[in-house]
Amino acid sequence: MKLTKYTHACVRLEKEGGVLVLDPGTFSESAEALAGAQAVLVTHEHPDHLDTKAVVDALDGNQDLELHAPAGVAGQLRAEAPGAAGRIHTVEPGQAFQAAGFDIRSFGGQHALIHPQIPLVANIGFLVDGNVYHPGDSFIIPDGLEVQTLLVPLHAPWSKSAEVVDFVIGVRAPRAFQIHDGLLNDNGLGIVEGHVKRIGAKYGTEYRHLAPRESVEV
């Protein structure tokens with residue numbers, strides 16, 4: 001499949017005419033990523049992962065577009081786009097379904113802790129075609145399978161570099177690309193990616209940086 005990375009956490013996957021978009025958020029080129037898509041997966045409700053206006057516009061403008069998200073997100077979007085309510089589906093951890101011709105499995109259930117005084121929200125990690133894993137805002141490792149392509153949340157208010165590296169080590173995917181990098185300047189990006197690339201390689205993971213709008217076959 002073809003994987004295109006957009007700014008921050010948004011990724012577009014294309015295979016045999018099917019187009020699937022994950023986490024089109026407000027930091028990303030969401031309208032561009034959503035153009036022509038048949039399905040959208042949203043990991044959780046935070047705006048950097050869900051650009052509500054762009055998603056509602058896409059749902060209203062494309063009658064073939066389906067969306068899968070945790071219950072809170074699905075309910076919000078049904079209220080915002082009532083005409084598309086039948087195409088908005090609730091996802092729980094441990095499910096398997098199809099979207100835009102891709103096989104999807106869901107994992108996790110909870111956003112990583114930011115601070116005890118900040119309420120936790122639901123978060124679903126998605127594995128696409130047994131290949132690409134987008135964990136959303138979590139370090140949940142899928143159980144009972146081998147991930148081929150890991151999307152690594154490189155930096156966030158809820159993480160530290162040691163946790164990022166341990167996530168890469170734990171998943172041990174043959175290849176990895178960064179997501180959730182929209183808050184880093186070039187200096188910070190170089191430091192964190194250096195750790196991930198160097199230590200990940202010891203455990204069999206080849207890490208590569210993707211620029212916004214850059215595509216790769218996986």
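Our subject in this report is the structure included herewith. Keep in mind that this is a model prediction, so the values were computed, not measured.

Section: the overall build of the protein
Then step 1. In terms of regular secondary structure, the protein is built from five helices and 14 strands.
Then step 2. Scaling as 2.2 N^0.38, a compact globule of 218 residues should have a C-alpha radius of gyration of about 17 Å, and the protein matches this with 16 Å.
Then step 3. Its C-alpha atoms put the protein at 50 × 45 × 35 Å along the principal axes.
Then step 4. Total accessible area on the protein stands at roughly 9200 Å², and carbon and sulfur atoms take up 50% of it.
Then step 5. Each charge class in the protein can be summarised by its mean position, and for the 16 positive and 27 negative side chains these summaries are 6 Å apart.

Points about the environment of alanine 84
Then step 1. Along the polypeptide, alanine 84 turns up in the loop between helix H3 (71-80) and strand S6 (88-90).
Then step 2. Judged by relative accessible area, which is 0%, alanine 84 ranks as buried.
Then step 3. C-alpha separation for the pair alanine 84 and aspartate 64, spaced 20 residues apart in sequence, amounts to 9.6 Å.

Considerations on the nonpolar core
Inside soluble globular proteins, nonpolar side chains tend to come together where they are buried.
Then step 1. By size, the foremost hydrophobic cluster in this structure holds 24 residues, and its most contacted members are Leu34, Val42, Val55, Leu59, Leu67 and Leu77.
Then step 2. Broken down by secondary-structure element, the contributors of at least two residues to this core are strand S3 (18-22), helix H1 (30-34), helix H2 (52-61), strand S5 (66-69) and H3.
Then step 3. The element contributing the most residues to this core is H2, with five residues.
Then step 4. If you look at the next biggest cluster of nonpolar residues, it comprises 23 residues, including Met1, Leu13, Phe126 and Phe177.

Observations concerning the sheet that holds S5
Then step 1. Across the sheet, which stays open at both edges, the seven strands sit in the order S6-S5-S4-S3-S2-S1-S14 with mixed pairing between neighbours. Looking at strand neighbours, the two that pair on one side only are S6 and strand S14 (215-217), the edges of this open sheet. Strand-to-strand twist of the sheet, defined as the mean angle between neighbouring strand axes without regard to direction, takes the value 20°.
Then step 2. Judged from the three bridges that link them, S5 and S6 form a sheet pairing that is parallel. Its bridge partner lying in S6, histidine 68 is registered against histidine 89.
Then step 3. Its contacts with the sheet put H3 on S5 and S6, and the angle it makes with S6 is roughly 155°.

Examining unusual backbone geometry
Then step 1. The phi angle at histidine 8 is positive, at roughly 70°, despite the residue not being glycine.
Then step 2. Within the fold, histidine 8 resides in the loop between strand S1 (2-5) and strand S2 (11-15).
Then step 3. Its identity is not glycine, yet glutamate 16 carries a phi of approximately 50°, on the positive side.
Then step 4. When you line up the elements, glutamate 16 lands in the loop between S2 and S3.
Then step 5. A residue is classified by how much of its surface remains accessible, and glutamate 16, at 81% relative accessible area, is exposed.

Reading the values: rules and limits
Residues numbered from 1 in each chain as written. Predicted model: local features only at pLDDT ≥ 70, side-chain atom pairs only at ≥ 80, totals over all residues. Heavy atoms only, no water. Helix = DSSP H or I, 4+ residues; strand = E, 2+ residues; numbered from the N terminus. Rg over C-alpha atoms; globule rule 2.2 N^0.38 Å. Areas by Shrake-Rupley, 256 points an atom, 1.4 Å probe, with all protein chains shown as cover. Lys, Arg positive; Asp, Glu negative; His and termini not counted. Charge placed at Lys NZ, Arg CZ, Asp CG, Glu CD. Buried < 20%, exposed > 50% of the residue type's maximum accessible area, 1.4 Å probe, protein only. Core = buried A, V, L, I, M, F, W, Y, C linked by side-chain atoms within 4.5 Å. Pairing = 2+ DSSP bridges. Axes fitted to C-alpha atoms, helices over the stretch in contact; angles between N-to-C directions. Contact = heavy atoms within 4.5 Å.

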